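Here is how the chains run, residue by residue.
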Amino acid sequence: MRFAIGDVMVEMIDDLPAMDFQLAMLMPGVDPRWLAPYLDWLEPAHFTVATATLHLACHAFVLRHAGRVVLVDTCVGCHKPRPIRPAWDRRTDDGFLHRLAAAGIAPSHPARYRSR
């Protein structure tokens, strides 16, 4: 997905395009009935009432402006110990890196990038 915000071009790069969480896990103590006023836009794409399941995704964003490129990395990443989330534990899927390269970002040259 690409879109513009003023003069800034934004490209969304999928890491995990679909991941489900139980509402109680992410928001302990929240009563699913509190979401009733918002179900017209939450369900079914973002929330399933019957199972109290949130449907989320994980993306990075590439911002381009005036010859500059900024990567906003909000992704899960690979090869990291995440024992609480077995599907992410020492994850080896390199699809994100391929999608990043397709967007013109070369993760093989880390010296060119600064982390903040």
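Basis of the calculations
Residues numbered from 1 in each chain as written. Predicted model: local features only at pLDDT ≥ 70, side-chain atom pairs only at ≥ 80, totals over all residues. Heavy atoms only, no water. Helix = DSSP H or I, 4+ residues; strand = E, 2+ residues; numbered from the N terminus. Buried < 20%, exposed > 50% of the residue type's maximum accessible area, 1.4 Å probe, protein only. Contact = heavy atoms within 4.5 Å. Pairing = 2+ DSSP bridges. Salt bridge = Lys/Arg side-chain N within 4 Å of Asp/Glu carboxyl O. Polar contact = N/O pair within 3.5 Å; in protein donor to acceptor, adjacent residues only side chain to side chain. Patch = residues over 30% accessible without salt bridge, like charges linked within 9 Å, V, L, I, M, F, W, Y side chains within 5 Å. Areas by Shrake-Rupley, 256 points an atom, 1.4 Å probe, with all protein chains shown as cover. Phe/Tyr/Trp six-rings, centres within 6.5 Å; stacked < 30°, edge-to-face > 60°. Lys NZ or Arg CZ within 6 Å of the ring centre and 35° of its normal.

Q: Any chance you could break down the environment of M9 for me, citing the residues and the numbers?
A: Residue placement: M9 occurs in strand β2 (residues 8-22). The exposure class of M9 is partly exposed, given its relative accessible area of 41%. Placed 43 residues apart in sequence, M9 and A52 show a C-alpha to C-alpha distance of 36 Å. Setting aside chain neighbours within four positions, we find M9 in contact with F3, A4, V62, L63 and R64.

Q: Just give me the short version of the pairing of strand β1 (residues 2-5), but keep the residues and values in it.
A: Side chains on a regular strand alternate between the two faces of the sheet. Bridge count for β1 against β2 is four bridges, and the pairing is antiparallel. Counterpart to A4 in the pairing with β2 is M9. In sequence, β1 turns back onto β2 through a hairpin of two residues, with G6 there showing a positive phi of about 60°.

Q: I'd like a description of the pairing of strand β4 (residues 53-65), backed by residues and values.
A: As defined by bridge partners, β2 adjoins β4 across eleven bridges and the pair is classed as antiparallel. The residue of β4 that forms the bridge with L16 is C58. Note that strand β3 (residues 47-48) and β4 share two bridges and pair antiparallel. Within β4, the residue paired with T48 across the bridge is T53. In sequence, β3 turns back onto β4 through a hairpin of four residues, with A52 there showing a positive phi of about 50°.

Q: I'd love a proper account of the pattern of salt bridges, names of residues and values included.
A: Applying the stated criterion to the full structure yields four salt bridges. Ionic contacts of the salt-bridge type, sharing partners, join the residues D15, R91 and D93 into one network.

Q: Quick one: what's the story with the side chain of D15, residue by residue and with numbers?
A: Relative to the helices and strands, D15 is located in strand β2. Overall, D15 belongs to the buried group, its relative accessible area being 3%. A distance of 2.9 Å separates a polar side-chain atom of D15 from the backbone nitrogen of V76. Apart from residues no more than four positions distant in its own chain, D15 is found in contact with C58, H59, C75, V76, G77, R91, F96 and R99.

Q: Explain a nonpolar patch on the surface to me, and be specific about the residues and the numbers.
A: A cluster of nonpolar residues, M25, L26, M27 and L56, forms a patch on the protein surface that exposes about 340 Å² of accessible area. Along the chain, L56 turns up in strand β4.

Q: Hey, could you go over the environment of P44 for me, with residue numbers and the actual values?
A: Along the chain, P44 falls in the loop between α2 (39-42) and β3. Each C-alpha atom, one on P44 and one on R33, is 15 Å from the other, the two residues being eleven residues apart in sequence.

Q: How would you summarise the packing of aromatic side chains if you had to cite specific residues and measurements?
A: A full pass over the atoms with the stated rule returns one aromatic pair. The interplanar angle of 75° and the centroid separation of 6.2 Å between the aromatic rings of F21 and W88 together place this pair among those described as edge-to-face. Linking F21 in strand β2 with W88 in the loop between β5 (68-73) and α3 (95-102), this pair joins segments that are 67 residues apart in sequence. The residues F21 and W88 share a single accessibility class, namely buried. Its end group placed over the ring of W88, R85 keeps NZ or CZ at 5.1 Å from the ring centre.

The values are spatial; any link to function lies outside them.
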